[in-house]
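# Observations on the three-dimensional arrangement
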Amino acid sequence: LLYENSGGDVLSDVVDSMYLNLNLDVTISSNSTSEEETLLRTIEDYAARNFPPKFKITSSGMVPINVATSNEVVTSQIRSLAGSMLAVFFMLVLIFRSLYRGLMGMIPLVFTVLFNFGVMGFFGVHLDIGTALVSSIVIGIGVDYSIHYLSRMFRDLSKGIDLHDAIFNTVRRSGKAITSNAITVGFGFLALSVSEFLPLVTLSWMIWLTLNIS
């Protein structure tokens, strides 16, 4: 009362006229979704332990929106990743007309995706909107490598060429083209590493690495 009578007018920014609701601004310097989610959980846990039972707290603003959006995107990307792996498998079976050969074509893709998530876990890279896209991109590009490699090898085998020689010819010819393509496309993505937007930087080196592993 004394404050407002003396001309103060900023209380209306943080409380309502009945002094029943408080609006508290929190500013954080990180754009990491995991850190934002941890912050929200910390606030809610603190309120549950220290505030009266009838006290109600609601988080609003960009942080809850970012967390909800990221969680939804990551969940949908995981479903899409599983669906795309299944679709690629059926496509390989149709192309090679063999369940066994289709499984062979999936080996480098599955290994690369597992390697991708392993690198993320080792370096502490969190699964967010940007990093969730890496595996999908690698599957789309990496399946070409499987098709080119196996098509060449199976064609030589169908001509009666020994397995060792067929693999040697495949590595020497199709292998060179595949390697050149992976290196070139990988360095193309590395151009994003000079971006000031951190998710693009992470995306660039992860795609470069997984392409060469594939």
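First, a word on scope: everything that follows refers to the structure included in this document. (Residues numbered from 1 in each chain as written. Predicted model: local features only at pLDDT ≥ 70, side-chain atom pairs only at ≥ 80, totals over all residues. Heavy atoms only, no water.)

## Topic: the overall build of the protein chain
Definition in use: The helix and strand labels rest on DSSP assignments: H or I over at least four residues marks a helix, E over at least two residues marks a strand, and numbering proceeds from the N terminus. The globule rule used for comparison is 2.2 Å times the number of residues to the exponent 0.38, while the radius of gyration itself is calculated over C-alpha atoms. Per-residue and other accessible areas follow the Shrake-Rupley method at a 1.4 Å probe size, with only the shown protein chains counted as cover for residues.
Within the protein chain, the regular secondary structure consists of 8 helices and 0 strands. When the helices and strands of the protein chain are listed from N to C terminus, the series reads α-α-α-α-α-α-α-α. Taking 214 residues into account, the globule formula puts the C-alpha radius of gyration at 17 Å, and the protein chain, at 27 Å, lies well above it. In terms of its C-alpha atoms, the protein chain occupies a principal-axis envelope of roughly 100 × 35 × 25 Å. Carbon and sulfur atoms make up 65% of the accessible area of the protein chain, which amounts to about 14,100 Å² in all.

## Regarding the nonpolar core
Put simply, the test is: Among the buried residues, those of types Ala, Val, Leu, Ile, Met, Phe, Trp, Tyr and Cys that are joined through side-chain atoms within 4.5 Å form a nonpolar core. Partly exposed describes any residue whose relative accessible area lies between the buried limit of under 20% and the exposed limit of over 50%, with all areas from a 1.4 Å probe on protein chains only and scaled to the type maximum. Contacts are assigned to residue pairs with any non-hydrogen atoms lying within 4.5 Å of each other.
Formed by 17 residues in total, the largest nonpolar core has its most connected members in Met85, Val88, Leu92, Met106, Ile139 and Val143. Mapped onto this core, the elements with two or more residues apiece are α3 (62-96), α4 (99-123) and α5 (132-158). For this core, the element with the most residues is α3, which contributes 7 residues. With sequence-adjacent residues up to four places away left out, Leu92 is seen in contact with Arg97, Gly102, Gly105, Met106, Val143 and Ile147. Core analysis: the second largest hydrophobic core is formed by 12 residues, Ile141, Tyr145, Ile178 and Leu211 among them.

## Quick word on a nonpolar patch on the surface
Note the threshold: To count toward a patch, a residue needs a relative accessible area over 30% and no salt bridge; like charges are then connected within 9 Å, while nonpolar side chains (Val, Leu, Ile, Met, Phe, Trp, Tyr) are connected within 5 Å. For this document, the term salt bridge refers to a Lys or Arg side-chain nitrogen within 4 Å of an Asp or Glu carboxyl oxygen.
Taken together, the side chains of Val14, Leu22, Leu24, Val26 and Ile28 make up a nonpolar region of the molecular surface, amounting to roughly 470 Å² of accessible area. Within the secondary structure, Val26 sits in the loop between α1 (2-5) and α2 (33-50). Overall, Val26 belongs to the exposed group, its relative accessible area being 51%.

## Structural notes on α3
Worth spelling out the cut-off: One fewer than the residue count of a helix, multiplied by 1.5 Å, yields its expected span.
In this model, α3 (35 residues) spans 49 Å end to end at C-alpha, consistent with the 51 Å of a helix rising 1.5 Å per residue. Where α3 ends, the next residue or the one after it, Arg97, has phi of about 55°, a positive value.

## With respect to the packing of helix α6 (residues 163-172) against helix α7 (residues 174-190)
Quick note on the threshold: Lines fitted to C-alpha atoms define the axes here, with helix axes fitted over just the stretch in contact, and angles between the N-to-C directions of these axes take values from 0 to 180 degrees. In this classification, Asp, Glu, Lys and Arg are treated as charged, Ala, Val, Leu, Ile, Met, Phe, Trp, Tyr, Cys and Pro as nonpolar, and every other residue, Gly included, as polar.
The interhelical angle for the contact between α6 and α7, taken along N-to-C directions, is 35°, at an axis separation of 3 Å. Seen from α6, the contacting residues are Asn169, Thr170, Val171 and Arg172; seen from α7, they are Ser174, Gly175 and Lys176. Residues belonging to the contact of α6 with α7 are distributed by class as follows: 1 nonpolar, 4 polar and 2 charged.

## Overview of the environment of Leu192
Within the secondary structure, Leu192 sits in the loop between α7 and α8 (198-213). Once you skip the residues sitting within four places of it in the chain, Leu192 turns out to touch Leu200, Val201 and Ser204.

## Concerning α4
Test applied: What is called the bend at a residue is the angle between a pair of axes, fitted to the seven residues leading up to and ending at it and to the seven starting from it.
The end-to-end C-alpha distance of α4 is 36 Å, a good match for the 36 Å that 25 residues give at a rise of 1.5 Å each. Where α4 bends most, at Met106, the angle is about 30°, and the proline Pro108 comes one to four residues later. Those residues of α4 not exposed but buried are Gly102, Gly105, Met106, Leu109, Thr112, Val113, Asn116, Val119 and Met120.

## Focus on a positive patch on the surface
Definition in use: The charge count treats Lys and Arg as positive and Asp and Glu as negative. His and the chain ends do not count. Lysine's charge is taken at NZ, arginine's at CZ, aspartate's at CG and glutamate's at CD.
On the surface, a cluster of positive charge is contributed by Arg155, Lys159, Arg172, Arg173 and Lys176. Positionally, Lys176 belongs in helix α7. Given the relative accessible area of 55%, Lys176 is considered exposed.

## Quick word on the side chain of Ser174
Checked against the element boundaries, Ser174 lands in helix α7. Each residue touching Ser174, except ones within four places of it in the same chain, is listed here: His148, Arg152 and Asn169.

## Describing the pattern of salt bridges
In total, this model carries 2 salt bridges according to the counting rule given. For Arg152, the salt bridge goes to Asp156, with nearest N and O atoms at 3.7 Å. Highlighted residues: Arg152 and Asp156, both in helix α5, separated by 4 residues, approximately one helical turn. The burial state of Arg152 is the same as that of Asp156; both residues are buried.

## Digging into the environment of Leu109
Relative to the helices and strands, Leu109 resides in helix α4. Assessed through its relative accessible area of 2%, Leu109 is described here as buried. Between the alpha carbons of Leu109 and Gly140 there is a distance of 9.5 Å; along the sequence they are 31 residues apart.

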